[in-house]
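Close look at the chain arrangement
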Amino acid sequence: MNRQESTPQGASDSAAQGRPSAKPSPRERMERCHSALTLAFGPGGRYESWDLSVSEGRDMPSMEVRRGEVSPTIEALRDDPALAFDQLSYLTATDELPEEPRFRLVYFLASTKYSWRLKVHTKIAEADARVRSIVSLHSGANWMEREVYDMFGIRFEGHPELKRILMPEEYGHHPLRKDFPIEGIQPDRLYREWEAARNAAYGEGRGAGNGR
Amino acid sequence: MSVETRLFEFTPTEETAHGDLMTLNYGPQHPATHGVLRLLITLDGETIVDMDPIVGYLHRGKEKEAEHLGYHRWFPFTDRLDYLAPIQNNIGFSIAIERLAGIEVPARAQAIRVVLNELSRLTAHLIYLGTTGIDLGAVTMFFHCFKDRERIFDLLDLYSGHRTNPTPIRFGGTLYDMPQKLTSEIREFARGFGKSVDEYEQMLTGNRIWYDRNKGVGKITAEQAISLGLTGPNLRGCGIARDLRRDEPYDGYEHYDFEIPIGHEGDAFDRYLVRVQEMRESRRILEQACDRLDGELQGGEILANDRRYVLPPRARPRFDGGAHIPIQSGDRHAPPHRRDLLRHRGGQGELGFFVVSKGERTPIASGSAAPRSSTCRRFAPCRAGGSSRTSSRSSGASTSCWGSAIDELQSPDSQESGAPAAKKDPRAYFTKETIAKFEALVKQYPRQSAESMPRAALIPILHHAQDEKGWLSIETIEHVAAYLGLAPIQVWETASFYPMFHRKPVGRNVVWVCRNIACDLRGAPDVIAKIRERFGIGPEETTEDGRVTLKLAECLGGCTAAPVMEIGGQYHENLTPAKATGIIDSLK
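Definitions and cut-offs
Residues numbered from 1 in each chain as written. Chains lettered and ligands numbered in written order. Predicted model: local features only at pLDDT ≥ 70, side-chain atom pairs only at ≥ 80, totals over all residues. Heavy atoms only, no water. Helix = DSSP H or I, 4+ residues; strand = E, 2+ residues; numbered from the N terminus. Buried < 20%, exposed > 50% of the residue type's maximum accessible area, 1.4 Å probe, protein only. Contact = heavy atoms within 4.5 Å. Phe/Tyr/Trp six-rings, centres within 6.5 Å; stacked < 30°, edge-to-face > 60°. Axes fitted to C-alpha atoms, helices over the stretch in contact; angles between N-to-C directions. Parallel < 35°, antiparallel > 145°, perpendicular 65-115°, else oblique. Left-handed = near helix turned anticlockwise from the far one by under 90°. Nonpolar A, V, L, I, M, F, W, Y, C, P; charged D, E, K, R; others polar.

This part takes up the overall build of chain A. What chain A contains, in helices and strands, is four helices and seven strands. When its helices and strands are written in sequence order, chain A yields α-β-β-α-β-β-β-β-α-β-α. Across the 212 residues in chain A, those meeting the buried criterion constitute 50%. A separation threshold of at least 6 residues defines the contact pool for chain A, and within that pool the share at least 24 residues apart is 52%.

If you want it as structure tokens, here you go:
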């Protein structure tokens, strides 16, 4: 039981020696990240032929890619040593109804090596709401993709077990869509059964709470 | 089937229905989940081979509410995202909006936020320590941690008038100033808290149960941690020194001097050590922030003076009903996708808020990237990894909400906890006679298998070992362990439980004087006093010539002839001080 070995004291910054010691402001960090991305994806860059656009943002640059290229782009971002976006911070979608295409899928990537952040986004139409899963690239995407599927109804192809995560599996709606009412919609089958059970117990129209 | 029953139904797989595996439904309500969490666990004996976490029982649709309520009115909701460290959520949301709208927060407000942030971190870490302790049977930990947590709540109460969900943060600053009287209270708390952390460590770090249930449990490699998106203490426990307070400072964290503790092995024990060390660092930050508040930042503003976004301070008269001022983006014709995800370091890891503004009263979309979902997701690699004996213990160490629950009894790698036992040769260490006694003994006890030795023989064997060596040194204990195929710690903990095993050198004669109530009433204190006077030794002491060691026995069971003492297996009854010293005098 040699606990000295695993005591973190004193060892705190050994892994951090290689990091830049100066602390750039969020703006500077964004600019550095942006120029590295332009170098790779812009004219004359390694990925020049890819059809995407890189732009500056408030605290992180953003890249707009076509739906089919999300997965290869994220893979290139992860594996390129000059970029090293090795961590997926967050993955979500926004519903911009009534715009068309209505969904925008947003991936937030982080580079633990350079302390950079980046968002990659793509537009998705309701009629064909599917995109390649990136679980094989970032295993943390597993639940986030399930959540986006659950909340927006965007399907992720190649996901190991794409099922709802927060709502019941048979729930027929996607709550974060703009056309979903804030009051909520009770799951029909469960609601009917609940109503039948309640009526059996208390009689028609009685009982504590009406569930809707 | 009723609705309720259907919600909990699950289908056994081929393996679980007919094989040796068993599926266990755990939760969603269970005392050890500390919240609603359901786990479908596939067990092989007591080892978890697969686990499917099912969340969503507490899904409240906060993002949807945010889209309808608007910025200011959603503020108190952020507290409830994580009720263990509510202020950290306030700060995270606030920073997201500030960066979105370009609000500059005054330095004094930033320092106040740092104080509140670190206090919140402590409350969250204390919950982790206390509840994980109680799940492992260390009830004392719970009370100690909650005692300190209560003091933090008192401080928050003094500051804001609320204990758990105070919402003292506003866009552009804080709601209240922090008077000097309060900073001195916080400083006093911080000073004393260092000692509390030492106490926690004394109770847990070297504790055998704590060690066994955490060491080597839930190991995560650095690559796995990054791929899973882990942040916070869970990431640092894997040896990656990444901390947003240093790497991407916010709220003026660049002005503070603190260390970033990291682990080495990525197991639950390292994550525990990281958190404990972080509490010490938080304490340091608290002191520095209080010094800054009373020093260079004294009398500064606490709220940005930008009335487009920032609510007026409480003391000034409100216009427009206060809470209904819409936040407006600087440019009403701004491009529709102005989206910011700001990450800030919460108690359990990075916390991000994603807000999309179209310059209207309400955000068109918002989302919160909480550290917990990625942490929860971590169940999966733990379950499938090489150490399939991972229990939810591994997660218990990750966040305060997932407590521990399923404990395995016999850990296969418990051998690790001691020195390698195989190198000891008990047959050379003990005399032939003693070994013969050992061999006679082990025949009397049942064995688990032909090759193994009976563990039940441990206590009589220790008696014989002690008879030969006089006392049980570490060396003796290691040889006994090698003889029985046990870890030395297992022998040690047995030996340390019983007073008749001496773990320090004793004299040739050990005199046990009973000190229980019957003996006590009938004169044992006089006997002990006389022995001290005559031989110059107190309890647990040995005479200089190494002849006699005095020990006090809890009860020798000779009440009818009290007071009683025992020397070398023989009872001496109805003692008087003179009789006792006479008997001891006659010993060799």
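From this point, the discussion proceeds with the structure in view.
Residue and element names in this part refer to chain B. Using the criterion set out here, one finds 27 aromatic pairs over all chains in the structure. With a centroid separation of 4.8 Å and an interplanar angle of 45°, the aromatic rings of Phe75 and Phe171 are classed as tilted. You can see Phe75 sitting in helix α4 (residues 71–79) and its partner Phe171 sitting in the loop between β4 (169–170) and β5 (173–174), a full 96 residues away along the chain. Per residue, the accessibility class of Phe75 equals that of Phe171, and both read buried. Centroid distance Tyr159 to Tyr176: 5.8 Å. Interplanar angle 90°. Geometry classified as edge-to-face. Remark: Tyr176 occurs in the loop between β5 and α8 (180–204) and Tyr159 occurs in helix α7 (residues 139–160); sequence separation between them is 17 residues.

For the rest of this paragraph, the subject is the packing of helix α6 (residues 107–135) of chain B against α8(B). Residues and elements named next belong to chain B. Relative to each other, α6 and α8 sit at 25°, their axes nearing to 13 Å. Between α6 and α8, the angle falls in the class roughly parallel. When the axes of α6 and α8 are compared, the crossing they make is left-handed. Residues Val115, Leu119, Leu122, Leu126 and Leu129 of α6 form the contact with α8, whose own contacting residues are Ile186, Phe189, Phe193, Tyr200 and Leu204. Classifying every residue of the contact of α6 with α8 by side-chain character gives ten nonpolar, no polar and no charged.

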